[in-house]
Amino acid sequence: MAALGSPARTLRGLLRELRYLNAATGRPYRDTAAYRYLVKAFRAHRITSEKLCRAQHELHFQAATYLCLLRSIREHVALHQEFHGKGERSVEESAGLVGLKLPHQPGGKGWEP
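An account of the accompanying structure is given in this report. Since the model is a prediction, treat every value here as computed from it, not as a measurement.

Right, let's get into the packing of helix H1 (residues 7-23) against helix H2 (residues 33-44). Helix packing geometry: the angle between the two helix axes and the distance between the axes. Axis separation between H1 and H2 bottoms out at 11 Å; the angle between their running directions is 175°. Here H1 is positioned roughly antiparallel relative to H2, judged by the angle of their axes. On H2, the residues that touch Pro7, Leu11, Leu14, Leu15 and Leu18 of H1 are Ala34, Tyr35, Leu38 and Phe42. Here the residues of the contact of H1 with H2 sort into 9 nonpolar, no polar and no charged.

Structure below.
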């Protein structure tokens with residue numbers, strides 16, 4: 001299993017994803033129930049004087065997993081919108097999607113020197 005990083009970094013990542021989700025609605029993300037729940041949960045599971053706090057590690061693991069899910073969904077939607085079929089495309093558009101350029105003929109089609 002990969003290292004989780006710090007809980008503060010995970011919380012910031014989750015809040016960033018909440019901002020992305022609420023940007024479409026125009027509503028501030030701090031007014032949502034998800035924001036209030038996340039902040040409350042992370043505050044309740046702060047580092048204690050114990051050497052190993054199982055509940056804190058479980059919360060951090062679940063939060064990191066949920067962050068990965070939210071990022072993956074956002075990136076999937078962005079890729080789907082970019083590459084989703086829009087009907088027939090011209091040869092130039094299809095070549096541009098994969099980073100290619102068609103050769104340019106100065107005289108047009110059928111040009112011969």
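Before going further, it helps to spend a moment on a positive patch on the surface. The grouping of Arg9, Arg12, Arg16, Arg19 and Arg30 at the surface amounts to a positive patch. Structurally, the position occupied by Arg30 is in the loop between H1 and H2.

Where H1 contacts helix H3 (residues 54-83), the axes come no closer than 9 Å and their chain directions differ by 35°. Crossing hand, H1 versus H3: left-handed. Along its contact with H1, which presents Pro7, Thr10, Gly13, Leu14, Arg16, Glu17, Tyr20 and Leu21, the element H3 presents Gln56, His60, Ala63, Ala64, Tyr66, Leu67, Leu70, Arg71 and Arg74.

Moving on, we come to H3. The end-to-end C-alpha distance of H3 is 43 Å, a good match for the 44 Å that 30 residues give at a rise of 1.5 Å each. Taken residue by residue, H3 has Gln56, Leu59, His60, Ala63, Ala64, Leu67 and Leu70 as its buried positions. As for H3, its buried residues are in contact with H1 and H2.

Turning to the pattern of salt bridges, a few remarks are in order. If you walk through the whole model with that rule in mind, you get 2 salt bridges. The salt bridge involving Glu17 is made with Arg71; its shortest N-O contact spans 4.0 Å. Highlighted residues: Glu17 in helix H1 and Arg71 in helix H3, separated in sequence by 54 residues. Between Glu17 and Arg74 there is a salt bridge; the shortest N-O distance is 2.8 Å. Of this pair, Glu17 sits in helix H1 while Arg74 sits in helix H3, placing them 57 residues apart in sequence. Given a relative accessible area of 2%, Glu17 falls into the buried group. The network of salt bridges with shared partners includes Glu17, Arg71 and Arg74.

Rules used in this analysis
Per chain, residues are indexed from 1 in the order of the written sequence. Totals for whole chains, interfaces and linings use every residue, but because this is a predicted model, local features are given only for residues with pLDDT of at least 70 and side-chain atom pairs only at 80 or more, for both listing and counting. Excluded from the side-chain calculation are hydrogens and water; included are all heavy atoms of the structure. As a rule, the C-alpha atoms of each element are fitted with a line to give its axis, helices using only the stretch in contact, and angles between N-to-C directions run from 0 to 180 degrees. Segments assigned H or I by DSSP are reported as helices when at least four residues long, segments assigned E as strands when at least two residues long, and all are numbered from the N terminus. For classification purposes, an angle smaller than 35 degrees is called roughly parallel, one larger than 145 roughly antiparallel, one from 65 to 115 roughly perpendicular, and anything else oblique. By the convention used here, residues are in contact when the closest approach between their heavy atoms is within 4.5 Å. Throughout this entry, Asp, Glu, Lys and Arg are counted as charged residues, while Ala, Val, Leu, Ile, Met, Phe, Trp, Tyr, Cys and Pro are counted as nonpolar. The remaining residues, Gly among them, count as polar. The residues that make up patches have over 30% relative accessible area and no salt bridge, and they are joined within 9 Å when like-charged or within 5 Å when they are Val, Leu, Ile, Met, Phe, Trp or Tyr. Using a 1.4 Å probe, the Shrake-Rupley method yields the accessible areas, and only the shown protein chains count as cover for residues. The salt bridge definition used is simple: a Lys or Arg side-chain nitrogen within 4 Å of an Asp or Glu carboxyl oxygen. Under the convention used here, Asp and Glu are negative, Lys and Arg are positive, and both His and the chain ends fall outside the count. For the purpose of locating charges, the reference atoms are NZ of Lys, CZ of Arg, CG of Asp and CD of Glu. Crossing handedness follows the turn of the near helix against the far one: under a right angle anticlockwise gives a left-handed crossing, and clockwise gives a right-handed one. Any helix carries an expected span of 1.5 Å times its number of residues minus one. Exposure classes here rest on a 1.4 Å probe applied to the protein chains alone. A residue is buried below 20% of its type maximum, exposed above 50%, and partly exposed in between.

Everything listed here is a matter of coordinates, which is why it stays silent on function.
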